[in-house]
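# A closer look at the structure
Below are the chains, spelled out letter by letter.
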Amino acid sequence: MVGLTAAAVVATARIIGIRGSSEAPDLPVFLALLKLPTGAITAVLGLLLIRGQFIPGLSALDTPAQILSWGLVFGFAQQGFTRLVDQQGQIVLNSVRQ
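Residues numbered from 1 in each chain as written. Predicted model: local features only at pLDDT ≥ 70, side-chain atom pairs only at ≥ 80, totals over all residues. Heavy atoms only, no water.

## A closer look at the overall build of the protein
- For the protein, the count of helices and strands is three helices and zero strands.
- Mapped from its N terminus to its C terminus, the protein presents α and β elements in the order α-α-α.
- Split by element, the accessible area of the protein, about 6100 Å² in all, is 70% carbon and sulfur. (Helix = DSSP H or I, 4+ residues; strand = E, 2+ residues; numbered from the N terminus. Areas by Shrake-Rupley, 256 points an atom, 1.4 Å probe, with all protein chains shown as cover.)

## A short note on the nonpolar core
- Counting residues in hydrophobic clusters, the biggest one holds five residues: Ala-43, Leu-47, Ile-50, Leu-61 and Phe-74.
- It is helix α2 (residues 27–51) that provides the largest number of residues to this core, a total of three residues.
- Non-local contacts of Leu-61, meaning those with residues more than four positions away in its chain, are made with Leu-47, Ile-50, Arg-51, Gln-66, Ile-67 and Trp-70. (Core = buried A, V, L, I, M, F, W, Y, C linked by side-chain atoms within 4.5 Å. Buried < 20%, exposed > 50% of the residue type's maximum accessible area, 1.4 Å probe, protein only. Contact = heavy atoms within 4.5 Å.)

## Topic: a nonpolar patch on the surface
- A cluster of nonpolar residues, Ile-41, Val-44, Leu-45 and Leu-48, forms a patch on the protein surface that exposes about 380 Å² of accessible area.
- By the element assignment, Leu-48 lies in helix α2. (Patch = residues over 30% accessible without salt bridge, like charges linked within 9 Å, V, L, I, M, F, W, Y side chains within 5 Å. Salt bridge = Lys/Arg side-chain N within 4 Å of Asp/Glu carboxyl O.)

## Examining α2
- With 25 residues, α2 ought to run about 36 Å at 1.5 Å a step, and its terminal C-alpha atoms sit 37 Å apart, in line with that.
- Those residues of α2 that sit buried are Pro-28, Leu-31, Ala-32, Lys-35, Thr-38, Gly-39, Thr-42, Ala-43, Gly-46, Leu-47 and Ile-50.
- Looking one or two residues beyond α2, the residue adopting positive phi is Gln-53, at roughly 55 degrees. (Expected span 1.5 Å × (residues − 1).)

## Considering unusual backbone geometry
- The phi dihedral of Gln-53 falls on the positive side, at around 55 degrees, and the residue is not glycine.
- Counting through the fold element by element, Gln-53 comes out in the loop between α2 and α3 (64–97).

## Some words on the side chain of Thr-82
- Structurally, Thr-82 can be placed in helix α3.
- Engagement of the side chain of Thr-82 in a polar contact is seen with the side chain of Lys-35, the distance being 2.8 Å.
- With near-sequence residues (within four places) excluded, Thr-82 lies in contact with Lys-35 and Thr-38. (Polar contact = N/O pair within 3.5 Å; in protein donor to acceptor, adjacent residues only side chain to side chain.)

## Let's talk about the confidence of the model for the protein
- Across the protein, the average pLDDT comes to 79, with 86% of residues at or above 70.
- Least confident of the elements in the protein is helix α1 (residues 2–17), whose mean pLDDT is 76; most confident is α2, at 84. (pLDDT = per-residue confidence, 0-100.)

Set out below in structure tokens:
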């Protein structure tokens, strides 16, 4: 849930920066909706990587606060994965506008 919430914050901030088009008005919304499950998935996968000690230097997840904090970090990290999708969406919107 924390990863989903972090992704929702990033999606809201990102959707403001995407210029829409009257021909494809729903594309920015679809791009934002893509971030929600991606944020949840990256949070879960990131926590699994920490728990499995695949990331050197990170301590074990001992407290609920650590779990929530890392879930938030990995939820925000989905922006790195979805940035390319956002850029392609902006290219599509720019080509529709011309």
